[in-house]
Amino acid sequence: MILGILDRARRGSEIKEHLLRVPVPTSNGTEGVPTTVWANQHLALASIPSQIDRLGEIPQPFISENQTITVLFEGKIHNTEEIKRILGSDYRFRTDCSGEALAHLYDKYHENFLDRVNGKFAFALWDERDQKLILGRDRLGIEPLFYFSDERRLIFSSSLKAVLATGWVSNQLNHEAVLQYLLYCYNPGDQTFVRNIYRLPAGHLLSSNGSGVSISKYWRLSFAETHVKTEEQYREEILNLIKDAIRIRLEPHRSLGVFLSGGTDSSTIVSLASTMSCGPIHTFSFRCAGPSYDESHYARFVAEQCGTRHTEIPYHPDHLSLISEAVVLMDGAFWDTGIEIGTCLLGQAAQGKVSYVFSGEGGDELFGGHPVYIADKLANFVDRVPRVFRSPITRILQGIPDSNKKKNLQVKLKRFAYSIKFPPELLSHRWRIYYTPQELEELCIGDFIARCSVQNLYDPMFQYTREADGRDSLSRSLYSDYHTLVDFYLRRLGLLRAFSLESYLPLLDHRLVEYAARIPTHLK
């Protein structure tokens, strides 16, 4: 975990002493204190050790030989060997830590230093020459970074709880963020549940030189231009990109596990990694009792075919009690209790057997595999039907009885009929909305709604659907989902740190994501 404070009204030594006394909540729910704190005139950077074996990432922070660049880093740069080749003999590496690679890149390329980085990260970089602090987050938001800023100070951390633990930020409820959570069952924007604490958006930099902060985007995913290639070329190049994404994430000195659901994404990772890994691969999956939810037979088949050491974890109703433990470890609310508990079960099973795990997040967005994109396609026709004819049919469909079966047709019809009334400009997000504005007003009591802008409920989603440059609705939906939904479901992986596990996501390699964005829609 990283934590830092820039305060122009205090000396760095004073801030350092304060940070050394801060009781920071750690990844396993206990309290710890920073073990390393670096300070200069008005800035202090602190590193709080995690339970994850990251010997290669020590020491923290990294300080360049000429003392002009200091880097505090959370996460992992996967292509450090490539970076060393790019930098050549002009730069001598004293460690294998990601922070050193970042410092050298910044020294050589300055503002474009992240162009050559492949990894997951949140960092703080102090430029002594320009007297400037730069915060950054990886392109797809795998690692979180929170910050508070006012006219006097900037406080930041990879943990929201750590920002609050400094004692210098008021713990006030952000009603707007709660309303967004109720609407979508997750909070899609950059606001958090704590007023004035924000998430730095994925693919962005925050800079501060003492006269305020500025935020800029350093990476933009584009769907505007498509490749002109044969299907065979696409197959070969996609396969090579996935293979390389796995290759650079393999760490021979650490034991590898894969979360294997039996679906296409995780099965692809297991199949390819099993031919590339130097040692045995452990796979982990959970088994639900409900027949329509039990896909464990697919996972067993893949594990047998690939020769992995497979662990299957039963998932019972009494496991619901685990959610109380999961909540303690979270930095924000997460509505999908089943996934949260499943992640904890997988983490418990993998703890002690492996040091890091691969997971298949990102596959749905690469090629438009999620069912909501099919709903988008159908809605393109239904939206053209005059409301006077459409409304009676949707009312009938909403009266269909619920079902506890997964991917059941009647559930899909009922959901489609309810969601088709939301603005088409929301694209795939309309299928993930749970209340109309009127229903929210009935749900909230007292003056809660009065504290919020109900008329701007959809603005966070509209922001991304409007800036998307794709020529069709699927491309625009995928762009928006990469900036909202992906960030949401990655949050559960933070729970794995409580089990001394680190997660790597080959299908969110930015090279693969950029390539897939240029595949014509009719091939997805």
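Rules behind the numbers
Residues numbered from 1 in each chain as written. Predicted model: local features only at pLDDT ≥ 70, side-chain atom pairs only at ≥ 80, totals over all residues. Heavy atoms only, no water. Phe/Tyr/Trp six-rings, centres within 6.5 Å; stacked < 30°, edge-to-face > 60°. Helix = DSSP H or I, 4+ residues; strand = E, 2+ residues; numbered from the N terminus. Buried < 20%, exposed > 50% of the residue type's maximum accessible area, 1.4 Å probe, protein only. Pairing = 2+ DSSP bridges. Right-handed = clockwise from strand over helix to strand, strands pointing away. Core = buried A, V, L, I, M, F, W, Y, C linked by side-chain atoms within 4.5 Å. Contact = heavy atoms within 4.5 Å. pLDDT = per-residue confidence, 0-100. Axes fitted to C-alpha atoms, helices over the stretch in contact; angles between N-to-C directions.

**Q** Can you break down the packing of aromatic side chains residue by residue, with the values?
**A** The full count for this structure, using the stated rule, is 16 aromatic pairs. Their ring planes at 75° and their centres at 6.3 Å tell us that Tyr234 and Tyr515 sit as a pair that is edge-to-face. Taken together, the residues Tyr234 in helix 6 (residues 231-249) and Tyr515 in helix 19 (residues 510-517) connect sequence positions 281 residues apart. Summarising the burial analysis for this pair, Tyr234 and Tyr515 share the class buried.

**Q** Explain the pairing of strand 16 (residues 281-288) residue by residue, including any values.
**A** For strand 16, the tally of buried residues reaches six of eight residues, placing the bulk of the element in the interior. Here strand 15 (residues 256-259) pairs with strand 16 via four bridges, running parallel. Counterpart to Val258 in the pairing with strand 16 is Thr283. In this view, the connection linking strand 15 to its parallel neighbour strand 16 by way of helix 7 (residues 264-276) has right-handed handedness. As defined by bridge partners, strand 16 adjoins strand 17 (residues 309-315) across seven bridges and the pair is classed as parallel.

**Q** Just give me the short version of the nonpolar core, but keep the residues and values in it.
**A** Membership of the largest hydrophobic core comes to 118 residues, with the highest contact counts inside it found for Phe123 and Phe358. If one sorts the elements of this core by residue count, helix 10 (residues 337-350) sits on top with six residues. With sequence-adjacent residues up to four places away left out, Phe123 is seen in contact with Ile2, Leu72, Phe73, Leu102, Phe113, Leu114, Ile134, Leu135, Gly136, Leu145 and Leu205. Met1, Ile5, Ala44 and Ile48 belong to the second largest nonpolar core, which has 21 residues in total.

**Q** Account for the confidence of the model for the chain, with residues named and values stated.
**A** For the chain, per-residue confidence averages 90 on the pLDDT scale, and 96% of positions sit at 70 or higher. No element of the chain has a lower mean pLDDT than strand 3 (residues 31-32), which averages 68, and none a higher one than helix 19, which averages 98.

**Q** Residues and numbers for the sheet that holds strand 1 (residues 2-7), please.
**A** The six strands lie next to each other as 4-5-1-11-10-12, forming an open sheet whose pairing is antiparallel. The sheet is open, and its two edges are formed by strand 4 (36-39) and strand 12 (197-199), each paired on a single side. For this sheet, the mean inter-axis angle between neighbouring strands, taken without regard to orientation, is 15°. The pairing of strand 4 with strand 5 (residues 43-47) spans four bridges and is antiparallel. Paired with Thr36 across the bridge in strand 5 is Ser47. In the packing of helix 1 (residues 12-20) onto the sheet, contacts are made with strand 1, strand 4 and strand 5, and the angle to strand 5 comes to roughly 25°.

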